[in-house]
Each structure stands twice: as C-alpha cells, then as structure tokens.
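The lines below spell out each chain.
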Amino acid sequence: ALYYEVGQPILQNTLSGFNSTLFAYGQTGSGKSFSIMGPEFDPGIIPRLTHELFELMSNDTREEPTKEMRVSMSFLEIYNEEIKDLLDPRPRSKRLYVH
C-alpha cells in the first residue's frame, strides 16, 4: 500500500530527527486528497502516519523513553500560484504567494 512505501519512511526519518515533507502534486481530480487523507473507512497517509506516531510515542519501551515530543504540522494548498493554509480557513489580510 502507498502508506508503507511513502508514509512509514517519512515517519522513520522524522523519528530520527529529520524534518519531513509530504508533497502531493497533480491535476484536479487525480486523487491527491484521497491519497493524503482518504475516506474514514480507508485512511490515507496522514491519518495513518499520525496514528502510528502517537502509538509509538505512547508505547515507548526504550530504557530511557522520551518524556516530551513536539509535533508540528502544516497543511498547505498551492493553487494558481497562491498558498492557502488549510488549518486556518480565516481570510488573510495579506495573501501568501509562491515566489
């Protein structure tokens, strides 16, 4: 499945201390949202990745488990050379642009 080819390597790199990016590119209707988020009955990469991340965090069996972990995510859409923050739907006073 796509998650095992893309999501798990991203998660492993992240847990090794690297910043990670998942970028979906394609024409309208090509399946980007389906692959990234998926429907409830067949979750996409992001829901599976976050579920596995929090499972790993809560079941840390190392001798000295991590006491704190910071998770930061951004969900952006680039359309017609304009960036939209998908986690903050409020209209922006100043637009974000692709340079």
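Residues numbered from 1 in each chain as written. Predicted model: local features only at pLDDT ≥ 70, side-chain atom pairs only at ≥ 80, totals over all residues. Heavy atoms only, no water.

## Some thoughts on the overall build of the protein chain
Thinking step 1. When its secondary structure is counted, the protein chain shows three helices and three strands.
Thinking step 2. Here the C-alpha atoms of the protein chain give a radius of gyration of 16 Å, more than 25% beyond the 13 Å that 2.2 N^0.38 yields for 99 residues.
Thinking step 3. Per-residue burial over the protein chain gives 12% buried out of 99 residues.
Thinking step 4. Considering only contacts within the protein chain whose residues lie at least 6 apart along the sequence, 27% involve residues at least 24 apart.
Thinking step 5. When the accessible surface of the protein chain is summed, it comes to about 8700 Å², and 51% of that surface belongs to carbon and sulfur atoms.
Thinking step 6. Side chains of the protein chain carry 10 positive and 14 negative charges; the gap between the two charge centres is 9 Å. (Helix = DSSP H or I, 4+ residues; strand = E, 2+ residues; numbered from the N terminus. Rg over C-alpha atoms; globule rule 2.2 N^0.38 Å. Buried < 20%, exposed > 50% of the residue type's maximum accessible area, 1.4 Å probe, protein only. Contact = heavy atoms within 4.5 Å. Areas by Shrake-Rupley, 256 points an atom, 1.4 Å probe, with all protein chains shown as cover. Lys, Arg positive; Asp, Glu negative; His and termini not counted. Charge placed at Lys NZ, Arg CZ, Asp CG, Glu CD.)

## Details of helix H1 (residues 2-15)
Thinking step 1. Counted at 1.5 Å a residue, the expected span for H1 with its 14 residues is 20 Å, and the 19 Å between its end C-alpha atoms agrees.
Thinking step 2. Of all the residues in H1, the buried ones are Tyr3, Gly7, Ile10 and Leu11.
Thinking step 3. Looking at the buried side of H1, the elements it contacts are helix H3 (45-58).
Thinking step 4. Taken from the residues just after H1, Gly17 is the one with a positive phi, measuring 100°. (Expected span 1.5 Å × (residues − 1).)

## Examining a nonpolar patch on the surface
Thinking step 1. A surface patch of nonpolar side chains, amounting to about 470 Å² of accessible area, comprises Leu15, Phe54, Leu56, Met69, Val71 and Met73.
Thinking step 2. On the secondary structure map, Met69 appears in the loop between H3 and strand E1 (76-79).
Thinking step 3. Looking at Met69, the relative accessible area reads 36%, which means it is partly exposed. (Patch = residues over 30% accessible without salt bridge, like charges linked within 9 Å, V, L, I, M, F, W, Y side chains within 5 Å. Salt bridge = Lys/Arg side-chain N within 4 Å of Asp/Glu carboxyl O.)

## Notes on the pairing of E1
Thinking step 1. Note: E1 against strand E2 (residues 82-85), four bridges, orientation antiparallel. Across the sheet, Ile78 pairs through a bridge with Ile83, a residue of E2.
Thinking step 2. Linking two consecutive strands that pair antiparallel, namely E1 and E2, is a turn of two residues; a positive phi of about 50° is found at Asn80 within it. (Pairing = 2+ DSSP bridges.)

## Regarding the packing of H1 against H3
Thinking step 1. At their nearest, the axes of H1 and H3 sit 10 Å apart, and the two run at 45° to each other. Classed by the angle they form, the pair H1 and H3 counts as oblique. As H1 runs across H3, the sense of the crossing is right-handed. Every residue of H3 that contacts H1 at Leu2, Tyr3, Val6, Gly7, Gln8, Ile10, Leu11 and Leu15 is listed here: Ile45, Arg48, Leu49, Glu52, Leu53 and Leu56.
Thinking step 2. Of the residues that constitute the contact of H1 with H3, the class distribution is 10 nonpolar, two polar and two charged. (Axes fitted to C-alpha atoms, helices over the stretch in contact; angles between N-to-C directions. Parallel < 35°, antiparallel > 145°, perpendicular 65-115°, else oblique. Left-handed = near helix turned anticlockwise from the far one by under 90°. Nonpolar A, V, L, I, M, F, W, Y, C, P; charged D, E, K, R; others polar.)

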